[in-house]
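# Working through the structure, step by step
Now for the letters of each chain:
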Amino acid sequence: MKNDKLDQLYRSVIMDHYKTPRNKGVLEGSNVTIDMNNPTCGDVIHLTLQVEDDIVKDAKFEGEGCSISMASASMMTQLVKGKNKEEAIFAAHAFSDMMLGKEVDESVDFGDIEALTGVAKFPARIKCATLPWKAMEKGIAGDSE
Amino acid sequence: MLNPDIRNDFPILDQEVNGYPLVYLDSAATSQKPRQVIEALEHYYKYDNSNVHRGVHTLGNRATEDYEGARETVRKFLNASSTKEIVFTRGTTTALNLIADSYGRANIAEGDEIIITYMEHHSNIIPWQQLAKATGAVLKYVDLEEDGTLSLEKVSDAMTDRTKIVSMMYVSNVLGTMNPIKEITEIAHVHGAVMVVDAAQAAPHIEIDVQDLDCDFLAFSGHKLCGPTGIGALYGKKALLEAMEPTEFGGEMIDFVGLYDSTWKELPWKFEGGTPIIAGAIGMAAAIDYIQSIGLDAIEQHEHELVAYAMEQMRTLEGIEIYGPRDASKRAGIVTFNLEGVHPHDLATVLDMNGIAVRAGHHCCQPLMKWLDVSATARASFYLYNTKEDVDRLMEGLRMAKEYFQ
Ligand SMILES: Cc1ncc(COP(=O)(O)O)c(C=O)c1O
């Protein structure tokens, strides 16, 4: 059986991150912890970050949710490591634009993450993809206050 | 099984979704509407639209007759003894809130108990939480049996002489369980408590007789039984409703208005402040006429057969978990499940891309999800227009999802 629209959504990179998530777990010695959920569907994420001297040194996540939210979390933790706070927040905004089908600022190199652009065509699933990024943004913006 | 020509009464079913003929398996969220209901609404707006209970003119009389005629239809549908016992509301949620806000505030004191179960819909939980918080009453949950049914013993054990309100769903929107409301009502009455029934999932599927149940209040929604959205009804025993204060004040519900004090109309209008849901009531009455013309017994039987077939087919899939009673004759037309390795949202998306509509998530039952120890589930719900072919399409979709996520 084949379905082109589904293939657009569930790209192999996404399935790979879903089945073998990167940076899964709880970070020991983290100094930023964020819990966020999506009340309409029950997805939850527990994100732990280690932020030092304005730089996101390490990131890990745990959670429960669909392939899109968990793959997105896995990819987000990879991208955010090594970024300074401003860059990380900028990436969260750029990701949100990408999900809304808007032009994305080219200064962010999303790499494989662009596989998630297919989600923009599934309005009910956009919130799944953005949940981990919103959590990251909240944690970092909260930390800078 | 019902005659499959019934499908032709539902224009919406005759369409393709994402390139496939639509299979609608989300009737527990809201049912589709037959031509007969759509035409009743159209007729009202084309020929009879007017405000009720006020004008002298002919249209006003017609609208009033139709609106009050709809009340009589609901009375007969529930076998209530008087139309005074039928209050039109926006739906089940509004009706349950009305009971909590009016009856509850007047009759519940600190230390009194309100009893519900783990399987309740949020709309039969939160009004009681709010009431308990405001009055200092205790909200108690009856635990479920392993298969998601209620045992009368546990229900009975939960009640004491401080129990004032028992509120339970008749049919579960997740497990499909049909609860023994008549027996529970009897136990509640022994303790002097009132029995409230959330019949949102019962009214579309099974015959209801409020006099036989002897329940004190019962609520349902029109949109789940082939009627329009925005209309439902509250049944209440006359003596109880008579003693209750309205919760909404304004036009339509008053008798005499002075500068600093007013009096209310008699039942049931004192609970219907403002211009009522005229078209909605007329549409809901047309829906009740429609399902009664097919016969609730026949509908219930049809659903039992579909659910039995669906459960039998689904059990052939490896990694499937079906929640609720195993025996199809113990459930209404609802099958809630999970497929190992496929999150319900992903499952719903895969099915949607194949033209199949199911619900995924917590189904407004977070405490029940917790009890089942899952964060979300998928749900296929059946109604009179569904067929075994719909189940076959569902199975194809489930197999595809399995393949995708292997
Ligand atoms: C069991 C049950 N109770 C209450 C409700 C609430 O009904 P409504 O949203 O029409 O007020 C529903 C519908 O979702 C339900 O399934």
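Residues numbered from 1 in each chain as written. Chains lettered and ligands numbered in written order. Predicted model: local features only at pLDDT ≥ 70, side-chain atom pairs only at ≥ 80, totals over all residues. Heavy atoms only, no water.

## Looking at helix H1 (residues 35-48) of chain B
All names here are of chain B. Given a rise of 1.5 Å per residue, 14 residues ought to cover 20 Å, and the 19 Å separating the end C-alpha atoms of H1 matches this to within 8%. If you check which residues of H1 are buried, you get Val37, Ala40, Tyr44 and Asp48. Taken end-on, H1 shows its buried residues confined to a sector of 60°, consistent with a single buried face. Projecting away from the buried face of H1 at angles above 90 degrees are the exposed residues Tyr45 and Lys46. (Helix = DSSP H or I, 4+ residues; strand = E, 2+ residues; numbered from the N terminus. Expected span 1.5 Å × (residues − 1). Buried < 20%, exposed > 50% of the residue type's maximum accessible area, 1.4 Å probe, protein only. Arc of directions from axis to C-beta.)

## Concerning the sheet that holds strand E13 (residues 320-323) of chain B
All names here are of chain B. With respect to topology, four strands assemble into an open sheet ordered E13-E14-E17-E16, the strand pairing being antiparallel. The outermost strands of the open sheet, each flanked by one partner alone, are E13 and strand E16 (359-361). Pairwise comparison of adjacent strand axes, ignoring direction, gives a mean angle of 30° for this sheet. As paired elements, E16 and strand E17 (residues 377-381) share three bridges and run antiparallel to each other. Paired with Ala360 across the strands is Ala378, a residue of E17. In the packing of helix H10 (residues 296-314) onto the sheet, the strands contacted are E13 and strand E14 (334-339), and the crossing angle to E14 comes to about 10°. (Pairing = 2+ DSSP bridges. Axes fitted to C-alpha atoms, helices over the stretch in contact; angles between N-to-C directions. Contact = heavy atoms within 4.5 Å.)

## Structural notes on the environment of Arg162(B)
Residues and elements named next belong to chain B. Positionally, Arg162 belongs in the loop between helix H5 (152-158) and strand E7 (163-169). Taking the relative accessible area as the measure of exposure, Arg162 reaches 40% and is therefore partly exposed. C-alpha of Arg162 to C-alpha of Lys140: the two residues are 22 residues apart in sequence and 12 Å apart in space. Residues in contact with Arg162, not counting those within four places in the same chain, are Glu110, Gly111, Asp112 and Glu113. Polar contacts involving the side chain of Arg162 include one to the side chain of Asp112, which spans 2.7 Å. (Polar contact = N/O pair within 3.5 Å; in protein donor to acceptor, adjacent residues only side chain to side chain.)

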